[in-house]
Amino acid sequence: MDLPGYGYAQRGKKGREQIQTIIDHYLDARVELTCLFVLLDCRHEPQKIDLEFIDGLGESGIPFAIVFTKTDKISKSRLKENFTTYKNKLLETWEELPPIFFTSSEHKKGKEELLDYIDKINKSLRINKDHE
């Protein structure tokens, strides 16, 4: 499921609530959901809507990983600074952080790590299915 810019939707409060209801229903109904990837633009500081979404995933027990995108668009020092800000903000409410990846579609950075992680999840599902 892709929710491009769900946090920036040009809608009123009622429209945002409707989108949230659709998302919540989708996530609750997907029993076969094994990992949700939350894509965050690394150029931005933590957004309230993203932090609330991430906290909601944790409260619902939905497995997820965070993927920081567009790492080619900022300097390494700024990326480190933004990541540290995100990490510290998350650690205010989380004991342990979910898996985190850094990607750039332009430079193909992080692609292999992400694909390896997906492969690891798929292999664990096959092993669990074989043992049923």
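Residues numbered from 1 in each chain as written. Predicted model: local features only at pLDDT ≥ 70, side-chain atom pairs only at ≥ 80, totals over all residues. Heavy atoms only, no water.

**Some remarks on the packing of aromatic side chains**
Move 1: Here the structure, examined in full by the defined rule, presents 7 aromatic pairs.
Move 2: Aromatic side chains F64 and W94 sit 5.6 Å apart centroid to centroid with 75° between the ring planes, which places their arrangement in the edge-to-face category. Within this pair, whereas F64 is found in strand 2 (residues 64-69), its partner W94 is found in the loop between helix 3 (76-90) and strand 3 (100-102), the two being separated by 30 residues in sequence. Just as F64 is buried, W94 falls in that class too.
Move 3: Ring geometry for F68 versus F83: centroids 5.9 Å apart, planes at 90°, classification edge-to-face. Of this pair, F68 sits in strand 2 while F83 sits in helix 3, placing them 15 residues apart in sequence.
Move 4: Classification of F68 by relative accessible area gives buried; the value is 3%. (Phe/Tyr/Trp six-rings, centres within 6.5 Å; stacked < 30°, edge-to-face > 60°. Helix = DSSP H or I, 4+ residues; strand = E, 2+ residues; numbered from the N terminus. Buried < 20%, exposed > 50% of the residue type's maximum accessible area, 1.4 Å probe, protein only.)

**A look at helix 1 (residues 13-29)**
Move 1: Here helix 1 contains 17 residues, and its C-alpha end-to-end distance of 24 Å stays within 8% of the 24 Å for a straight helix at 1.5 Å per residue.
Move 2: Those residues of helix 1 that are buried are in contact with strand 1 (36-41) and helix 2 (48-60). (Expected span 1.5 Å × (residues − 1). Contact = heavy atoms within 4.5 Å.)

**Thoughts on helix 3**
Move 1: Here helix 3 spans 21 Å end to end across 15 residues, near enough to the 21 Å set by a 1.5 Å rise per residue.
Move 2: Those residues of helix 3 not exposed but buried are L79, N82, Y86 and L90. Projected down its long axis, helix 3 carries its buried residues within an arc of 75°, all on one side. Across from the buried face of helix 3, at angles greater than 90 degrees, the exposed residues are S77 and K80.
Move 3: Of the surrounding secondary structure, the elements contacted by the buried residues of helix 3 are strand 1, helix 2, strand 2 and strand 3. (Arc of directions from axis to C-beta.)

**Considerations on the sheet that holds strand 2**
Move 1: Read from one edge to the other, the open sheet built from 3 strands follows the order 1-2-3, with strand pairing classed as parallel. At either end of the open sheet lies a strand with only one pairing partner, and these are strand 1 and strand 3. Taking each pair of neighbouring strands and ignoring which way they run, the sheet shows an average axis angle of 25°.
Move 2: Bridge analysis of strand 1 against strand 2 gives 6 bridges, and the strand direction is parallel. Following the sheet pairing, L39 is matched in strand 2 by V67. (Pairing = 2+ DSSP bridges. Axes fitted to C-alpha atoms, helices over the stretch in contact; angles between N-to-C directions.)

**A look at the nonpolar core**
What tends to happen in soluble globular proteins is that the nonpolar side chains get buried as a cluster.
Move 1: If you look at the biggest cluster of nonpolar residues, it comprises 19 residues, and the most contacted ones within it are L36, V38, I54, L57 and F64.
Move 2: At the level of elements, helix 1, strand 1, helix 2, strand 2 and helix 3 are the ones that each hand at least two residues to this core.
Move 3: Sort the elements by how many residues they give to this core and helix 2 lands first, with 4 residues.
Move 4: With residues near it in sequence (within four places) discarded, L57 still touches L27, L36, V38, I62 and F64.
Move 5: Listed in part, the 7 residues of the second largest apolar core include C35, V67, L114 and I121. (Core = buried A, V, L, I, M, F, W, Y, C linked by side-chain atoms within 4.5 Å.)

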